[in-house]
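# Tertiary structure, described
Below, each chain spelled out in residue letters.
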Amino acid sequence: MAQEKVALVTGASRGIGKAVAARLAADGHQVVVHYRSHLAEAEETLAACEGRGVILQADLSEENAPAELVAAVKKKFGRLDTLVSNAGMSVDQLLPFIKEESFDRLIDVNVKPSFLLAKACSKMMIKQKGGSIINMTSVVGHMGNMGQSIYAATKAALTGFTKSIAFDLARYNIRANCVAPGFIETDMTSALPEQVQEAILAKIPLGRLGSTAEVAAAVSFLASEHSSYITGSTLHVNGGMMTS
Ligand SMILES: NC(=O)c1ccc[n+]([C@@H]2O[C@H](COP(=O)([O-])OP(=O)(O)OC[C@H]3O[C@@H](n4cnc5c(N)ncnc54)[C@H](OP(=O)(O)O)[C@@H]3O)[C@@H](O)[C@H]2O)c1
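Keep in mind the model is a prediction, meaning the values are calculated, not measured. (Residues numbered from 1 in each chain as written. Predicted model: local features only at pLDDT ≥ 70, side-chain atom pairs only at ≥ 80, totals over all residues.)

### Here we look at the overall build of the chain
Basically, it comes down to this: Secondary structure follows DSSP: runs of H or I at least 4 residues long count as helices, runs of E at least 2 residues long count as strands, and numbering of each begins at the N terminus. Here the globule rule is a power law, 2.2 Å times the number of residues to the power 0.38, and the radius of gyration is based on C-alpha atoms. Here a residue counts as buried when 20 or more other C-beta atoms sit within 10 Å of its C-beta, as exposed when there are 12 or fewer, and as partly exposed otherwise, the C-beta atoms being derived from the backbone.
Check the secondary structure of the chain and you find nine helices and seven strands. Rg of the C-alpha trace for the chain: 17 Å, near the compact-globule value of 18 Å for 244 residues, within the 12% margin. If you line up the chain on its principal axes, its C-alpha atoms span 55 × 35 × 35 Å. Put simply, the chain has 244 residues, and 46% of those count as buried.

### Side note on the site of the ligand
Filter applied, for reference: The criterion for a residue being near a molecule or strand is simple: its C-beta atom, placed using the backbone, must lie within 6 Å of it. Each residue is assigned to one class: nonpolar for Ala, Val, Leu, Ile, Met, Phe, Trp, Tyr, Cys and Pro, charged for Asp, Glu, Lys and Arg, and polar for all the others, Gly among them.
Every one of the 27 residues lining the ligand counts as a neighbour, but Gly11, Gly15, Arg36, Ala87 and Gly88 are closest to it. Those elements that provide at least two residues to the shell around the ligand are helix 1 (15-26) and helix 7 (187-190). When the residues that make up the shell around the ligand are grouped by side-chain class, the tally is 11 nonpolar, 12 polar and four charged.

### What about the sheet that holds strand 1 (residues 6-9)?
Going by this rule: Note on pairing: DSSP must find at least two bridges between two strands before they are called paired. Angular values range over 0 to 180 degrees, each being the angle between N-to-C directions of two axes fitted as lines to C-alpha atoms, with helices fitted over their stretch in contact. Working definition of a contact: two residues with C-beta atoms, positioned from the backbone, lying within 7 Å.
Spatially, 3-2-1-4-5-6-7 is the arrangement adopted by the seven strands of the open sheet, whose pairing is parallel. Each edge of the sheet is formed by a strand with only one pairing partner; in this case those strands are strand 3 (53-57) and strand 7 (234-237). Neighbour-to-neighbour, the strand axes of the sheet open up by a mean angle of 15°, direction not taken into account. Where strand 2 (residues 30-35) lies against strand 3, five bridges are found, and the strand directions are parallel. In the strand pairing of strand 3, valine 32 is matched with valine 54. Contacting strand 1, strand 2, strand 3, strand 4 (82-85), strand 5 (131-136) and strand 6 (174-181), helix 1 runs over the sheet at an angle of about 175° to strand 1. Together, strand 2 and strand 3 form the strand contacts of helix 2 (residues 39-48), whose direction differs from that of strand 2 by roughly 165°.

### Considering the nonpolar core
The line we're drawing: What makes a nonpolar core is a set of buried Ala, Val, Leu, Ile, Met, Phe, Trp, Tyr and Cys residues, with links drawn between C-beta atoms within 7 Å.
Val9, Val20, Ala21, Val33, Cys121, Val179 and Val219 are the most contacted members of the largest nonpolar core, which totals 62 residues. Other than its neighbours up to four places away in sequence, valine 9 contacts Gly17, Val20, Ala21, Leu24, Val31, Val32, Val33, His34, Val84 and Asn86.

In structure tokens:
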């Protein structure tokens, strides 16, 4: 009998990560529901996974935390087929007002953990002769956005990183891709003032925000054998917004 696939989803306590975890569990994965601070929400995610998985905590910006998280997955399941590097944050400010510390913080949360997680996971995946690495980027990393210069820079960095590791890992049958959501109905977007939400909607050809389930469907595809010839790509889930 084929072994069950195992997926690690970072930032699965809320928003997009929560929907991704539930979808991968429904697809048949055992899911590692990672969270940083919201345990009760992570427990809800695990319930949505119908018990197919475990919860692990880590602040991924702390030294050694990404490698330790992957080691914990290895100890628990002995394998890892899919890494969804989804945890992230934004600092929204116009350039003259951004503090240098905010730049460092976004690199430490949005970029460095994805590098360290991919590095640690790739070692397990090489031994298994395959795997899928999916990094959550953003439409903003392709288009830019007012007040989001450093956030956009981190997401563009992740895109370049993913394209490069696709070259490094292809010989081991490990694929690396990005999912780039546009504006998705989450706590982050519902907190935006109505005027800003209207301005965003006007830029979306499909005329609505996306759902977390629609992002999760893209991740599901990239985690599955249906995407076996796709690596180094970005799947845009943005209702048709121009990305260049
Ligand atoms: N929402 C959108 O419209 C949108 C659009 C494009 C791209 N994205 C990207 O999609 C991803 C998820 O976005 P979201 O809106 O669903 O985010 P969210 O609701 O703000 O959730 C962020 C998740 O990341 C975790 N996290 C934050 N900092 C962390 C750290 N230092 N270490 C470990 N985990 C940390 C949080 O854990 P705790 O809550 O447990 O602390 C939470 O689970 C992000 O990478 C974001 O940039 C979102």
